[in-house]
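Examination of the molecular architecture
The chain contents come next:
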Amino acid sequence: MAQVVLQQVAKTFHHQPVVKGLDLVVPDGSFTVLVGPSGCGKSTTLRMIAGLESASQGDIWIGGQRVNELPPGKRDVAMVFQNYALYPTMTVFDNIAFGLRNRGIAKKECKRMVEEIAAVVGLSGYLQRMPSQLSGGQRQRVALGRAMVKQPQVFLMDEPLSNLDAKLRNQMRVELSSLHRQLSSTFIYVTHDQVEAMTMGDQIVVMNEGRIMQVASPLDLYHDPANLFVAQFIGSPAMNILPAAEAGKLLGFRPEKAVMLPAAVQSLVPESALVLRGTVVSREVLGSDVLYHVKVPSGSVIVKKDPESLLETAAEVQIAVPVECIYLFDQATGERIPARAEQMPRRFLAGGMS
Amino acid sequence: MRQEMTPAAPASGIGARWTLKRMADLAQTLRPYAYVAPAMIFFAAFFFFPIAYMIYLSFQDWSLLSLDEMEWAGTANYEALFADADFYQVLKGTLVYTVSTVAIGIGAALLLALWLNRKAKIYGLVQAAVFSPHIISLVSVAMLWMWLMDPQYGLLNAILEFLGLPAYTWLADTKSALVSLILVSVWKGIGYNTLVFIAGLQSIPREIYEAAALDRSPGWKTLWKITIPMLSPTLFFLLVINTISSFQVFDTIYIMTQGGPVNSTNMLVFYIYEQGMDFYNGGIASAASVVLLGIVGALTLLHFRFMEKRVHYR
């Protein structure tokens, strides 16, 4: 267990800045997820913490010790790789035991530890198998076992679930979360999948183009995004963004916060609501919900509804969004305009106001 | 009665259709054979027939001077071959040459590959330099080394002299001639072996080394426990082809030593050549060729039998 601190950490590859001066505190025992689109620098950050890449600038601290010059093996971290990186020529037992042997742990003790971990990750019957004889999920467990057996201060995971099928991924997500609760170690987990980030992390670091866009808990990120990037990256489907009535401003609302009715219906729309009129372009029935793609005068939006009263394509609709559910952003900087819409003059809202 | 009344034309129509179907089935069956036939004819004409004919010739008494006077000799050629003391010396020399060339050639190439498997430009240049002997004709290589190894005017002895070391006899002495041939062979083959090793090294995923670094694996242990086992298919391939080519060494011997001094560098293929071309013993030459085929075949089988178990194919 240890706190990980990054101070102004930067990485440059061939004069190309990839990570640009990160300041981050990963609390002791937290499950911190680094999330962002491909190429945002999240894996490079993780690799710098592991010691697999050197930081071009800044300091990395693990458990109060500056580790910039320490080799990976001396940082007391364990890493689970995207493709598991198991040793293909060694049995499952040897894969898990390799790190222990290199630490000089006695043969008998080593065997006991490997067997104990194998039981935890459900591999007891597979210790003499080669990695090539295992399924994707089992290989994943070997990689986890190999990391866990070293009892590291920090677990680093680089998209460890991305090679698994959807069902197994969901299962492993739950297992990893419960493993974190059992071990109470610090987990730093990299993913590009915001669903993974939201469901597993207790602290999420959203990154873009080598910079941290926001650090917050999953719900805070969702309900209180700091900027346009986070607002659109977190949440599925993404937040709807439309130009606001006032130049240089954008307004956004979550698809599930909008109420959509056929245009002909005379509804009781509250005075302080944004009302948009439009046409249903297409719909996606997901079972529990239906996503409607609606063309409105200022762009197109997605509205999430329950499937009870299905609206047909080409239907004329009215969409009402309570003002307290509307977010405003600065178009130039992408930064959130802090006050919510109800505190903003009505002129900020889009032309569709009724 | 009804059957008798059945018109003949539709019946023959069914028969014709049935024949057509049979022909189509037959064509379907023969098609794969037709596809592989050109390759099989090529192999039969240029591989299987010469081997079979060589075995046939090994039981004949014949010489290149009197090809029309071929006589059945039974096992006489084999008896003469195994009674020849020179043949055993040749076999021993071939074995020493093969084991040394393969062991030194592969070992040195592995070390070179480990050193050269880096990204900087200079390593690419060195790789090209190391590979260059492979593309030079063996005759040129042999001529070059004859000059380098000349006891009086050669560059190697000049260097030894410059360093204050005693001159070496190189090709002129029975003890040093085989060593000199091994040196030339290793030099000629090292570039190819190194290149194949580098290709093997580059196919090992980087993450495995990273996992080993996180597992605190020291360099030598990573080499022994990860790199070499991961290179085993490459190692196995090089072992087989180097063994076969070393067993068949001819050019360097023909140009540099002619099997001498005192038969010390005479090896199996050169012995076959001598028997057939110099002594006109076609039968013995054929019998020795069959022995060579047997040894190389047996060695290859042994490699596959015992080594392949240790080879890890991904």
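Everything quoted here is computed from the prediction, not taken from an experiment.

For chain A, the count of helices and strands is eight helices and 18 strands. When each of the 354 residues of chain A is scored for burial, the buried share is 51%. Put simply, 63% of the contacts in chain A that link residues at least 6 apart link residues at least 24 apart. Put simply, chain A shows about 15600 Å² of open surface, and 51% of that area lies on carbon and sulfur atoms. Averaging the positions of the 35 positive and the 33 negative side-chain charges in chain A gives two centres separated by 7 Å.

Attention shifts here to the sheet that holds strand β13 (residues 259-262) of chain A. All names here are of chain A. Pairing is antiparallel across the open sheet formed by five strands, whose spatial order is β13-β17-β14-β15-β16. Looking along the sheet, the strands with just one partner apiece sit at the ends: β13 and β16 (299-305). Each neighbouring strand pair of the sheet contributes to a mean axis angle of 40°, computed without reference to strand direction. Relative to strand β17 (residues 316-322), β13 runs antiparallel, the two sharing four bridges. Bridge assignment links Pro262 to a residue of β17, and that residue is Val317.

Grouped together as the largest cluster of nonpolar side chains are 56 residues, with contacts concentrated most on Leu156 and Ile188 of chain A. A total of seven residues in this core trace back to one element, the largest contributor, which is helix α4 (residues 85-116) of chain B. Ignoring sequence-local partners within four residues, the contact set of Ile188 of chain A consists of Val4, Val26, Thr32, Leu34, Leu46, Ile49, Val154, Phe155, Leu156 and Met157 of chain A. Within the second largest apolar cluster, 46 residues are counted, among which are Ala97, Val149, Leu161 and Leu179 of chain A.

Our next topic: the interface of chain A and chain B. In this complex, chain A contributes 23 residues to the contact, which on the side of chain B involves 18 residues. Summing the contributions of chain A and of chain B, the shared interface buries around 1900 Å²; its carbon and sulfur component is 60%. In this structure, the connection of chain A to chain B is made through two salt bridges. At the junction of chain A and chain B, the tally comes to 10 residue pairs in polar contact (both at pLDDT 80 or more). At four residues, the largest contribution of residues to the side of chain A that touches chain B is made by helix α2 (residues 92-102) of chain A. The class makeup of the residues in the side of chain A that touches chain B is 12 nonpolar, five polar and six charged.

This part is about the packing of aromatic side chains. Any aromatic ring pair is given by two values, namely how distant the centres are and how the planes are angled relative to each other. Scanning all chains against the criterion turns up 27 aromatic pairs over all chains. Summarising the aromatic geometry, the rings of Phe155 of chain A and Phe187 of chain A are spaced 4.8 Å apart at their centres and angled 40° between planes, so their arrangement reads as tilted. Of this pair, Phe155 of chain A sits in strand β7 (residues 154-158) while Phe187 of chain A sits in strand β8 (residues 186-191), and the two are 32 residues apart along the sequence. Classification of Phe155 of chain A as buried rests on a relative accessible area of 2%. With 5.2 Å between their ring centres and 35° between their planes, Phe43 of chain B and Phe47 of chain B make a pair best called tilted. Of this pair, Phe43 of chain B and Phe47 of chain B both sit in helix α2 (residues 8-57), separated by four residues, roughly a single helical turn.

With that settled, consider the pairing of strand β1 (residues 4-13) of chain A. All names here are of chain A. Strand direction decides the pairing type here: β1 and strand β4 (residues 57-62), joined by five bridges, are antiparallel. In the strand pairing of β4, Ala10 is matched with Gln57. The pairing of β1 with strand β2 (residues 16-26) spans seven bridges and is antiparallel. Bridged to Thr12 within β2 is Pro17. In this structure, the hairpin formed by β1 and β2 is closed by a connection of two residues, where His14 is found at a positive phi of approximately 45°.

Further remarks concern the pattern of salt bridges. Residue and element names in this part refer to chain A. In this structure the tally under the stated criterion is 14 salt bridges over all chains. With a shortest N-O distance of 2.6 Å, Glu116 and Arg112 are connected by a salt bridge. Here the residue Glu116 and the residue Arg112 both occupy positions in helix α3 (residues 107-120), the gap between them amounting to four residues, near one helical turn. For Glu116, a relative accessible area of 47% puts it in the partly exposed group.

What follows is about helix α6 (residues 138-148) of chain B. All names here are of chain B. Among the residues of α6, Val141, Ala142, Trp145 and Leu148 are the ones counted as buried. Angular distribution of buried residues about the axis of α6 spans 120°; they occupy a single face of the element. Where α6 is buried, its residues meet α5 (121-135), α7 (155-162), α8 (174-202) and α12 (251-257). Capping the start of α6, Ser137 holds a side-chain oxygen 3.1 Å from the backbone nitrogen of Val139, two or three residues further along.

Below, the discussion takes up the sheet that holds β7 of chain A. Residue and element names in this part refer to chain A. Read across the open sheet, the six strands follow the order β6-β7-β8-β3-β9-β10; overall the sheet is mixed. In this open sheet, the two edge strands, each paired with only one partner strand, are β6 (77-80) and β10 (211-216). For this sheet, the mean angle separating the axes of adjacent strands, direction not counted, is 20°. Pairing geometry for β7 and β8, over five bridges, is parallel. Following the sheet pairing, Val154 is matched in β8 by Thr186. Sitting on the sheet, helix α5 (residues 166-183) touches β3 (31-35), β7 and β8, and the angle it makes with β8 is about 160°.

Here we come to the environment of Gly210 of chain A. All names here are of chain A. Looking at the element boundaries, Gly210 is found in the loop between β9 (203-208) and β10. Residue class for Gly210 comes out buried when judged on its relative accessible area of 0%. Here the alpha-carbon distance between Gly210 and Asp289, two residues 79 residues apart in the chain, equals 35 Å. When near neighbours in sequence (up to four residues on either side) are disregarded, Gly210 contacts Val18, Val19, Lys20, Leu22 and Cys40.

Interpretation of this model should avoid reading the predicted coordinates in detail wherever pLDDT is low. Residues and elements named next belong to chain B. With 95% of its residues at a pLDDT of at least 70, chain B reaches an overall mean of 89. Long-range and interchain partners of residues 1-9, a stretch whose pLDDT sits below 50, account for zero contacts in this model, where long-range means more than four residues apart. Reported for the predicted complex are a pTM of 0.80 and an ipTM of 0.84.

Moving on to a negative patch on the surface. A surface patch of like charges, here negative, comprises Asp61, Asp68, Glu69 and Glu71 of chain B. For Asp68 of chain B, the position within the fold is in the loop between β1 (60-61) and β2 (71-72).

Reading the values: the criteria
- Residues numbered from 1 in each chain as written.
- Chains lettered and ligands numbered in written order.
- Predicted model: local features only at pLDDT ≥ 70, side-chain atom pairs only at ≥ 80, totals over all residues.
- Heavy atoms only, no water.
- Helix = DSSP H or I, 4+ residues; strand = E, 2+ residues; numbered from the N terminus.
- Buried < 20%, exposed > 50% of the residue type's maximum accessible area, 1.4 Å probe, protein only.
- Contact = heavy atoms within 4.5 Å.
- Areas by Shrake-Rupley, 256 points an atom, 1.4 Å probe, with all protein chains shown as cover.
- Lys, Arg positive; Asp, Glu negative; His and termini not counted.
- Charge placed at Lys NZ, Arg CZ, Asp CG, Glu CD.
- Pairing = 2+ DSSP bridges.
- Axes fitted to C-alpha atoms, helices over the stretch in contact; angles between N-to-C directions.
- Core = buried A, V, L, I, M, F, W, Y, C linked by side-chain atoms within 4.5 Å.
- Buried area = accessible area lost by both parts, 1.4 Å probe.
- Salt bridge = Lys/Arg side-chain N within 4 Å of Asp/Glu carboxyl O.
- Polar contact = N/O pair within 3.5 Å; in protein donor to acceptor, adjacent residues only side chain to side chain.
- Nonpolar A, V, L, I, M, F, W, Y, C, P; charged D, E, K, R; others polar.
- Phe/Tyr/Trp six-rings, centres within 6.5 Å; stacked < 30°, edge-to-face > 60°.
- Arc of directions from axis to C-beta.
- pLDDT = per-residue confidence, 0-100.
- Patch = residues over 30% accessible without salt bridge, like charges linked within 9 Å, V, L, I, M, F, W, Y side chains within 5 Å.

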